[in-house]
Every structure is written in C-alpha cells, then in structure tokens.
Amino acid sequence: MIRADRLITDCRLATMSTEGEPYGAIDDGAILIRDVRIAWVGARADLPKHEATETDRLDGRWVTPGLIDCHTHLVFGGDRSGEFEQRLNGATYEDIARAGGGIVSTMAATRAASEDELYASALTRLAGLKATGVTTVEIKSGYGLERGTELTMLRVARRIGREAGVRVRTSYLGLHAVPPEHRGDRAAYVDLAIDDILPAAHAEGLVDAVDGFCEGIAFSPAQIARLFAVAAELGLPVKLHAEQLSNLGGAALAAQHGALSADHLEYLDEAGVMAMAAAGTVAVILPGAFYTLHERQAPPIDLLRRHGVPMAVATDMNPGSSPMASLLLAMNMACTLFRLTPAEALAGATVHAAKALGLSDRGQLVAGQVADLAVWTCAHPAELAYRIGFNPLHQRIIGGVL
Ligand code: NIG
Ligand code: FE
C-alpha cells in the first residue's frame, strides 16, 4: 500500500528514461507523489494499491519531466539592442567586444543596478522560461567582474531560487571578460577572479559550479586551467564556454578536468569530442547564440552522436548573444538549425540538462526523483520542438505542488 499526497492519472508520460524508445513513453500512465518526490510511476493498469489525498485527472495530456535550462545568464542590468543594430550594420560580435562593448557594456549596467533592480529585471525574463515549462534554471555570474557585483549577482540568483517558483543552480563566471580597470594588466584580473572572488563567493555558499569563457576575446586555455585547479581545491565542479567562435581546445581541456559540460562547441573537432566522450562531459548546444550572431558553422552533432556524448539544449539567455527566454524555442532551433531530432531536443532539456548540472535527482519520470513535472496540451511530445511561438504548457508542478 502506497500512501500518496497526489495521484496524477488519465495522462500519457514521456518518462525520458534511457531504456526503450526515445521518449520512454507510457500511453496510459499514472504517477504517485509523496513528500515532494515521485513514489511510483508507470502504466495505469499496473498502479499498486494506494491511498492519495488528491487526484488530478489530466484528460489525456502529456506529462514530461519539468524542463531544465542548464545554461543562462539570467541576471544582468540594461540591454544590448544597440549592438543588435550595430551587427546588422556590419560590425561583428568580436569587433564590438574588442571596442569595449559586449560583455563589458552589460558589466557597466550591472554594476550600476541595485540588488532589487537586478532581481526584478531577472524575473521578467524568468517569466518566459517558466511559461515554457522550466522548473530548474542555471544562472551564471560574469557581469560584475569585481568582487562586490559578482557576489551580488549570485545572491540574486539564490534569491530567485528561494522566492520565484523555480529551482536554481549557480555558476561562478568571473573569467567572462576583462573589466576596463584591468585592461592594462589582464593577469592581475585573472588572479583576482581566481584567488579572491571565487573563494569569497564559495565561502558564502553562492557557487554550485565554476564556469569560464575560453576564447580569443576572453581567456586562454592556460588561464582556464588555473581556474579549474582552484575549483578542484574548493571541491567545485567545472564547466566551460568552449569553441564558440574558434577552436582553442577548450572542450578537451574541460574534459581533462572532469567537467560537467562544455558549452557552445561550434568549432569543436573530433579530438575534443573524443575527450568529452571519455570524461562523460555533456555537450550543451546553444542554438540561440548561433542564430543571433548569424554564425555559419554548426556544432559537430554527428560526431557527438557517433561518440555517444550526451547533448543538452539551453537558451543561453543573455543580453548579447542570445536574448531568448523560451526553452521550447531553443529546442526548435536545435532541431531546425542543428538537425537534432525532437526526442533528442527533449532529452536535451530534461535528462541530459540534469547531467550537465551534475544532478541525478531530476530530469526523468522515475521513482525517487523530485516530482518536477510539466503538463502539456498536445497530441505528441514531438510537438514541443515542432511548434514555433505556440505554447502548449498546461501546468508546471514543482516538488509535487502545482
Ligand atoms: O554564452 N560567450 C560568452 N558568453 C555569453 C555571451 C555573453 C554576452 O554577450 O553578454 C554566451 O554567449
Ligand atoms: Fe553563455
């Protein structure tokens, strides 16, 4: 006899369990929830004896794991629509960054904003993600580039996790860009970001993972390696923005440090793919940045598939390269631009996104995981990636609560 807080029934399930067909589909399913977790899930015909306080009948709707957006820069000040105009008048993303715009211009707006202003503006973007079924969101720092504002950004992210109806994982991204006050001495900023800001953020319990931006306009593999060494000393997992605009071998470097994920990956080569496969590093695909920057070279999806590297899909929500607050749209772009299948895109926003965050307690509909669910009014889960600008979300359930 299972005593449950809630029975969910009259529904179809995309369990995203790794056995069987790609969606792990169950045609006439049921879920028992107890104490914020899934106590039982399966075919309604196999429901064990139970007593449930509440019953939800879903009229044949589809239930998936709550979606997980595993790469965002949700907290920042200002916007960069002016740079969008500049790019459409011929400037490139790198030109703008080298001229002191880009990440550094958002840095200035972020430093100028109060903690409450950062929280309020992040909520407007979070609303878009929640409306598309997101129940867990990763949020990076990286627009402070000084101790005070980096910590403020991470505190805002933690507050979102406490107050805004979504679970949050934070990443410290101090090595995102060099702030203007250190332009003459980049090494001094690297030291500050690694030896001062990171330990301070960690001591305050603000860091779940450590991220960096390995690129010609950002930081070198040697600088990233030093960041990862300090992360390891602090016991923090790492991830990396790698091979977005060129190939510096960042993904292989990340894999050598046991990274949870390497993200972007447009210029990834087969050696990098093999290093990721060997280390179990997830490939986080960010089609919003590829689309927004009008890139031409797609990530090597076939190689990633062939070597069995799990692929996650995320919005990369940020003011510069991906002002996109819909994870469903990111899934659609992953299919249309990069040729992922709709099932791969959904796995990329659930089970593989959880892995990219180092989480095994969510991302699938299996007994023991937290009861974070998304309920959809659709005839098949392929519709989640197929439709553009429609939103079939019926409801989100977090920890068993509507
Ligand atoms: O993931 N590539 C580096 N960082 C962000 C862009 C940040 C920005 O332009 O503000 C990204 O694309
Ligand atoms: Fe990013």
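Quick note: structure is the one above.
Our subject in this report is the structure included herewith. (Residues numbered from 1 in each chain as written. Chains lettered and ligands numbered in written order. Predicted model: local features only at pLDDT ≥ 70, side-chain atom pairs only at ≥ 80, totals over all residues. Heavy atoms only, no water.)

Section: helix α3 (residues 103-112)
What α3 keeps buried is the set I103, V104, T106, M107 and T110. The arc that holds the buried residues of α3, viewed along the axis, is 155°, so those residues lie on one side. Where α3 is buried, its residues contact α2 (93-98), α4 (115-131) and α5 (147-163). (Buried < 20%, exposed > 50% of the residue type's maximum accessible area, 1.4 Å probe, protein only. Helix = DSSP H or I, 4+ residues; strand = E, 2+ residues; numbered from the N terminus. Arc of directions from axis to C-beta. Contact = heavy atoms within 4.5 Å.)

Some words on the site of ligand 1
In the vicinity of ligand 1 there are 15 residues, among which R80, Y93, Y143, Q244 and S321 approach most closely. The contact in question runs from an oxygen atom of ligand 1 to an N or O atom on the side chain of R80, over 2.8 Å. One nitrogen or oxygen atom from the side chain of D316 is found 2.8 Å from an oxygen atom belonging to ligand 1. If you map ligand 1 onto the pockets, it falls in the largest cavity. Residues belonging to the shell around ligand 1 are distributed by class as follows: 4 nonpolar, 9 polar and 2 charged. (Near = heavy atom within 4 Å. Polar contact = N/O pair within 3.5 Å; in protein donor to acceptor, adjacent residues only side chain to side chain. 1 Å grid on protein atoms, 1.4 Å probe; cavity = no way out; pocket = protein on both sides within 12 Å on 5 of 7 lines; lining within 4 Å. Sits in = over half its atoms within 2 Å of the grid points. Nonpolar A, V, L, I, M, F, W, Y, C, P; charged D, E, K, R; others polar.)

Looking at the packing of α5 against helix α6 (residues 186-203)
α6 packs onto α5 with a crossing angle of 30° between their chain directions and a minimal axis gap of 10 Å. Viewed along their axes, α5 and α6 adopt a mutual orientation that is roughly parallel. In the crossing of α5 with α6, the sense of the turn from one axis to the other is right-handed. Contacts from R147, E150, L151 and L154 of α5 reach α6 at D196, I197, A200 and A201. Within the contact of α5 with α6, the residues separate by chemical class into 5 nonpolar, no polar and 3 charged. (Axes fitted to C-alpha atoms, helices over the stretch in contact; angles between N-to-C directions. Parallel < 35°, antiparallel > 145°, perpendicular 65-115°, else oblique. Left-handed = near helix turned anticlockwise from the far one by under 90°.)

Details of the nonpolar core
By size, the foremost hydrophobic cluster in this structure holds 102 residues, and its most contacted members are L67, I160, L175, M276, L304 and M331. Sequence-distant contacts of M276, defined by excluding residues within four places in its chain, comprise A251, A255, A262, L265, L268, T281, V282, A283 and V309. In terms of nonpolar packing, the next biggest core, distinct from the first, is built from 14 residues, I31, I33, V63 and I397 among them. (Core = buried A, V, L, I, M, F, W, Y, C linked by side-chain atoms within 4.5 Å.)

Focus on the packing of α6 against helix α7 (residues 221-234)
Remark: α6 packs on α7, axes separated minimally by 10 Å, with the N-to-C direction vectors making an angle of 25°. In terms of axis orientation, α6 runs roughly parallel to α7. As α6 packs across α7, the resulting crossing turns out to be right-handed. When α6 is examined against α7, the residues V190, D191, I194, D195, L198, P199 and H202 are found in contact with a partner set consisting of Q223, R226, L227, V230, A231 and L234. Residue composition of the contact of α6 with α7, by class: 8 nonpolar, 2 polar and 3 charged.

Structural notes on the sheet that holds strand β8 (residues 209-212)
Spatial ordering of the open sheet is given by β5-β6-β7-β8, a layout of 4 strands whose pairing is parallel. Each edge of the open sheet is held by one strand with a lone partner, namely β5 (67-69) and β8. Averaged over all pairs of adjacent strands, the angle between their axes in this sheet comes to 25°, without regard to strand direction. Two elements, β5 and strand β6 (residues 134-140), share 3 bridges in a ladder whose sense is parallel. The residue bridging L67 from the neighbouring strand is V134, located in β6. With respect to the sheet, α5 is in contact with β6 and β7 (167-175), its orientation differing from that of β7 by roughly 170°. (Pairing = 2+ DSSP bridges.)

Points about the pattern of salt bridges
Counted by the stated rule, this structure contains 23 salt bridges. The residue E204 makes a salt bridge to R155 at a minimum N-O spacing of 2.6 Å. Of this pair, E204 sits in the loop between α6 and β8 while R155 sits in helix α5, placing them 49 residues apart in sequence. Classification of E204 by relative accessible area gives partly exposed; the value is 40%. Accessibility expressed as a relative area gives 28% for R155, which makes it partly exposed. D208 is the salt-bridge partner of R158, the closest N and O atoms lying 3.0 Å from each other. With a gap of 50 residues between them, R158 in helix α5 and D208 in the loop between α6 and β8 connect regions that are remote in the sequence. Within this structure, R6, E54 and D56 form a network of salt bridges that share partners. (Salt bridge = Lys/Arg side-chain N within 4 Å of Asp/Glu carboxyl O.)

The analysis is restricted to geometry; functional conclusions fall outside its scope.
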